[in-house]
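Structural overview for review
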Amino acid sequence: MTEPTDKKHASRRRFLVGAAGLSATSLAAGASGRAALADNAKNLPPNVADWMRTLGDGVAVRAYGHPSKFEKDVIRRDVQWLTSSRESSVSFTPLHELDGIITPNGLCFERHHSGIAEIDPNDYRLMLHGLVDKPLIFTLEDLKRLPRVNRIYFLECAANSGMEWRGAQLNGCQYTHGMVHCVQYTGVPLKVLLAQAGLKANAKWIMAEGGDAAAMNRSIPLSKALDDCIVAYRMNGEMLRPEQGYPVRLVVPGWEGNVWVKWLRRIKVGDQPWYTREETAKYTDLLENGKARKFTFEMDAKSVITAPSPQAPLRQKGFTIISGLAWSGRGKVKRVDVSLDGGRNWRAARIDGPVFEKACVRFYYEFEWNGEALLLQSRATDDTGYVQPSKESLRKIRGVNSIYHNNGIQTWSLKVDGEVENVEVG
Ligand code: MTE
Ligand code: CO
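Note that the coordinates shown come from a computational prediction; the quantities given were computed from them, not determined experimentally.

Considering the overall build of the chain
A count of helices and strands for the chain gives seven helices and 23 strands. Its C-alpha atoms give the chain a radius of gyration of 23 Å, within 12% of the compact-globule value 22 Å for 426 residues. Viewed in the frame of its principal axes, the chain has a C-alpha envelope of about 75 × 60 × 40 Å. Scored against the burial criterion, the 426 residues of the chain give a buried share of 53%. By sequence separation, contacts in the chain at least 24 residues apart represent 71% of the contacts at least 6 residues apart.

Focus on the site of ligand 1
The environment of ligand 1 is formed by 21 residues, the closest being F109, H113, D212, R249 and K262. Within the side chain of Q244, one N or O atom sits 3.1 Å away from an oxygen atom of ligand 1. Contacts to ligand 1 include K262, whose side-chain N or O atom sits 2.5 Å from an oxygen atom. For ligand 1, whose free accessible area comes to 530 Å², the fraction covered by protein is 100%. The element that contributes the greatest number of residues to the shell around ligand 1 is strand β2 (residues 110–112), accounting for three residues. A breakdown of the residues in the shell around ligand 1 according to their chemical character gives eight nonpolar, seven polar and six charged.

Quick look at a nonpolar patch on the surface
On the surface, a nonpolar cluster with roughly 380 Å² of combined accessible area is contributed by V48, W51 and M52. By the secondary structure assignment, V48 is in the loop between α2 (33–37) and β1 (89–91). A residue is classified by how much of its surface remains accessible, and V48, at 41% relative accessible area, is partly exposed.

Remarks on the pattern of salt bridges
With the rule as written, the count across this model stands at 27 salt bridges. The residue R218 makes a salt bridge to E256 at a minimum N-O spacing of 2.8 Å. Of the two residues, R218 is situated in strand β8 (residues 217–221) and E256 in the loop between β11 (249–251) and β12 (264–270); the sequence distance between them amounts to 38 residues. With respect to class, R218 is no different from E256; both count as buried. The salt bridge partner of R330 is D300, with a shortest N-O separation of 2.7 Å. Note that R330 is positioned in the loop between β16 (318–327) and β17 (333–339) and D300 in the loop between β14 (292–293) and β15 (302–307), a separation of 30 residues in sequence. Residue class for R330 comes out partly exposed when judged on its relative accessible area of 35%.

Digging into the environment of I119
Looking at where I119 falls in the secondary structure, it is placed in the loop between β2 and β3 (126–130). If sequence neighbours within four positions are ignored, I119 has contacts with Y124, G211, Y246, P247 and W263.

Considering the pairing of strand β9 (residues 230–235)
With five of six residues buried, β9 lies mostly within the body of the structure. Pairing of strand β6 (residues 180–189) with β9 involves five bridges; the strand directions are antiparallel. Bridge pairing in β9 places V188 opposite V231. Summarising the sheet, β9 and β11 pair through three bridges and their orientation is antiparallel. Each bridged residue has a counterpart across the sheet, and for V231 the counterpart in β11 is L250. In the sheet, β9 pairs with strand β10 (residues 238–239) via two bridges, with the strands oriented antiparallel. Within the sheet, the bridge partner assigned to R234 lies in β10 and is M239. Taking the residues that link successive antiparallel strands as the turn, the β9-β10 hairpin has two residues, and the phi of N236 there is positive, at about 50°.

Overview of the sheet that holds strand β22 (residues 411–414)
Sheet architecture is open: five strands sit in the order β18-β17-β21-β22-β23, paired in antiparallel fashion. Taken across any chain shown, the strands that pair with only one partner, and hence form the sheet edges, are β18 (347–348) and β23 (420–423). Pairing of β17 with strand β21 (residues 374–382) involves six bridges; the strand directions are antiparallel. What sits directly across from V333, in β21, is D382.

Procedures and definitions
Residues numbered from 1 in each chain as written. Chains lettered and ligands numbered in written order. Predicted model: local features only at pLDDT ≥ 70, side-chain atom pairs only at ≥ 80, totals over all residues. Heavy atoms only, no water. Helix = DSSP H or I, 4+ residues; strand = E, 2+ residues; numbered from the N terminus. Rg over C-alpha atoms; globule rule 2.2 N^0.38 Å. Buried < 20%, exposed > 50% of the residue type's maximum accessible area, 1.4 Å probe, protein only. Contact = heavy atoms within 4.5 Å. Near = heavy atom within 4 Å. Polar contact = N/O pair within 3.5 Å; in protein donor to acceptor, adjacent residues only side chain to side chain. Areas by Shrake-Rupley, 256 points an atom, 1.4 Å probe, with all protein chains shown as cover. Nonpolar A, V, L, I, M, F, W, Y, C, P; charged D, E, K, R; others polar. Patch = residues over 30% accessible without salt bridge, like charges linked within 9 Å, V, L, I, M, F, W, Y side chains within 5 Å. Salt bridge = Lys/Arg side-chain N within 4 Å of Asp/Glu carboxyl O. Pairing = 2+ DSSP bridges.

Laid out in structure tokens, this is it:
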């Protein structure tokens, strides 16, 4: 796997090659510097290209489709020094290579505490018990026979940007912000299952537990369970990927990824939280005074410019599109602003595409780049009026001992040669 530092060198190489090819082939290459790398005169207009001289693969040769081989670098990546094993680790979404708001299934970041459980759907069971009138066990088929909903939500790991608390660390939005994905889920509202079981009068919390080797479990207030949680079995139309919890995961819109229990095997209803390992030793926010905040479930509004970014440098002056993602766990993203000068001046970005509650939105800011050095930032505002804070103001409240819930404004330094670096402004 490529480490962030390697990427940086690779992108510098691409920049040089791309720039050298520009003058001669800019028409053929179009707006993309990448095409300049592969220029092969016999394939270019007015010639008949190689791919027109032979028949292509027939149908069903690719029974399950894959991206073009020319897109082989659009992959999840991990940072090997970050964790001591691959089973308890994370791979990151290549945000800099994507557009729109939907993350393709094969590129959704993965976070496992004990590797990917492999569950035969015929052996799958979901147990619902505790403070209920009638404990129930559901098969996958049972779940599929219940009324279902389709919803698009982002999932962000609480530890996303966690390496950046003490200063700029990782060179690429894949690594600084790539613990987020946004897909359409299909499943049964959790409240439907709870209604079938019947809640006792003193029911206040649920505990969701995974069927992986970690049996990862978290307490969730009943009010959230009855609000918008989904027991989901499909993502983007097809069954969940093994990495994402096949065959069933809990969807907890807007809340930290850790509570979105994968390989969901059990829901217990109780009258108080369980104080599991994942909500005491982990997933609490250590403050400067030594106290830790617990149950900080909601993901605050956040945004990042995905291109240009360290893995996606600029290769041409002139008309330039800044592209990025914004999201809020509290509702809809209402606006996104972009700064070219490190936060001194802000201009409204253009949000394009659908805007859903607790989902990613795509924003663009178009401008003429004359080749000068810039400090690029984006800032999200949600419909509660909350404005994404600067890193400086976030640290004033949170200190630097935290790992989780870092939603500070990201700065990319765009250099005169088009390279981009992760920096902080004072
Ligand atoms: N559920 C189980 N059973 N085991 C896990 O390790 N990881 C959690 C959560 N659910 C985890 C789990 C964490 S920390 C996150 S951020 C999300 O799953 C990641 O979901 P993803 O792998 O689909 O991106
Ligand atoms: Co996580």
